[in-house]
Amino acid sequence: APAAPPAAARRPLTDGATAAPGSAEAPAPAPTPLATSAPSTGAPAEWPSVAAALRLNGLARELALRSELVSCADDHYVLRVPVKALLEAGSEARLRAALAKHVGRPVRLSTQVGATQGDTAAGRSEQARALRQRQAEDAIYADPFVRELIENFGATVDPRSIRPATPET
């Protein structure tokens with residue numbers, strides 16, 4: 001019988017055993033879960049990423065981006081929204097449909113109106129925009145030519161005129 005390949009060349013099986021490459025014993029790759037980025041039960045920290053990934057537009061998109069996941073259990077999502085107007089014009093039903101499509105099963109959606117206290121997709125976006133703006137301002141003030149103009153001629157920079165070079169996403 002031929003010698004078995006070294007352990008480093010073997011692939012792990014699902015039960016922890018190993019099989020040689022190309023052997024008939026190797027299992028097929030495990031299927032990828034449909035909703036790997038969907039929030040798991042009780043994981044509000046994942047909501048901003050999920051909300052940003054949902055295929056929505058208009059008021060329903062703003063509802064998703066500005067809402068905070070309060071809880072998630074048994075496919076029942078409870079969101080807190082800062083403004084009641086975000087719940088108008090069928091936006092809640094459109095969000096529920098997009099979320100159900102995202103997770104691959106029906107979901108229930110309840111909303112509360114009140115100040116958001118946790119992370120939201122809109123909050124993350126604003127933080128990223130502010131960081132890009134600070135970096136752009138720092139780059140301008142660090143530029144040797146700009147520094148020379150300020151030091152030698154008393155020039156000033158209008159911070160409102162500085163825009164980040166990278167486009168917003």
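Residues numbered from 1 in each chain as written. Predicted model: local features only at pLDDT ≥ 70, side-chain atom pairs only at ≥ 80, totals over all residues. Heavy atoms only, no water.

Okay, unusual backbone geometry next. Here the phi dihedral of Asp-75 falls at roughly 60°; this positive angle occurs in a residue that is not glycine. Relative to the elements of secondary structure, Asp-75 occurs in the loop between strand 3 (68-73) and strand 4 (76-81). You will see that Ala-89, though not glycine, has its phi angle at about 60°, which is positive. With respect to the helices and strands, the residue Ala-89 is situated in the loop between strand 4 and helix 3 (91-103). Judged by relative accessible area, which is 66%, Ala-89 ranks as exposed. (Helix = DSSP H or I, 4+ residues; strand = E, 2+ residues; numbered from the N terminus. Buried < 20%, exposed > 50% of the residue type's maximum accessible area, 1.4 Å probe, protein only.)

Turning our eyes to something else, we now look at the sheet that holds strand 3. Reading across from one edge, 3-4-5 is the order of the three strands in this open sheet, with mixed pairing throughout. In this open sheet, the two strands that pair with only one neighbour each are strand 3 and strand 5 (108-113). Going across the sheet, the axis of each strand differs from the next one's by a mean of 20°, ignoring polarity. In terms of strand pairing, strand 4 meets strand 5 through six bridges, oriented parallel. Within strand 5, the residue paired with His-76 across the bridge is Arg-108. Helix 3 contacts strand 4 and strand 5 of the sheet and is inclined by roughly 135° relative to strand 5. (Pairing = 2+ DSSP bridges. Axes fitted to C-alpha atoms, helices over the stretch in contact; angles between N-to-C directions. Contact = heavy atoms within 4.5 Å.)

With that settled, consider the packing of helix 2 (residues 58-66) against helix 3. With their axes 8 Å apart at the nearest point, helix 2 and helix 3 run at an angle of 70° to one another. Viewed along their axes, helix 2 and helix 3 adopt a mutual orientation that is roughly perpendicular. Helix 2 and helix 3 meet at a crossing whose hand is right-handed. Between helix 2 and helix 3, the contacting residues are Leu-59, Ala-60, Leu-63 and Ala-64 on the first element and Ser-91, Glu-92, Arg-94 and Leu-95 on the second. (Parallel < 35°, antiparallel > 145°, perpendicular 65-115°, else oblique. Left-handed = near helix turned anticlockwise from the far one by under 90°.)

Counting 24 residues, the largest nonpolar core has Trp-47, Leu-54, Leu-56, Tyr-77, Leu-95 and Leu-99 as its most contacted members. Within the residue set of this core, elements represented by two or more residues are helix 1 (47-53), helix 2, strand 3, strand 4, helix 3 and helix 4 (121-142). Element by element, the count of residues in this core is highest for helix 3, at five residues. (Core = buried A, V, L, I, M, F, W, Y, C linked by side-chain atoms within 4.5 Å.)

Those residues of helix 2 that fall on the buried side of the exposure criterion are Ala-60, Leu-63, Ala-64 and Leu-65. For helix 2, the secondary structure elements touched by its buried residues are helix 1, strand 4, helix 3 and helix 4.

Attention now moves to helix 3. Given 3.6 residues to a turn, an α-helix orients residues that are three or four positions apart in the same direction. Helix length check: helix 3, at 13 residues, gives a terminal C-alpha distance of 18 Å against a target of 18 Å (1.5 Å per residue), a fit within 8%. Positive backbone phi, at 80°, marks Gly-104, one or two positions downstream of helix 3. (Expected span 1.5 Å × (residues − 1).)

Confidence in the prediction for the chain averages 76 pLDDT; 71% of positions are at 70 or higher. For the chain, strand 1 (residues 11-12) is the element with the lowest average pLDDT, namely 42, and helix 3 is the one with the highest, namely 93. (pLDDT = per-residue confidence, 0-100.)

All right, on to the environment of Leu-99 then. By the element assignment, Leu-99 lies in helix 3. The exposure class of Leu-99 is buried, given its relative accessible area of 0%. On a C-alpha basis, the gap between Leu-99 and Ala-64 in space is 9.6 Å, while along the polypeptide they are 35 residues apart. With residues up to four places along the chain from it excluded, the contact list for Leu-99 reads Trp-47, Val-50, Leu-54, Tyr-77 and Val-107.

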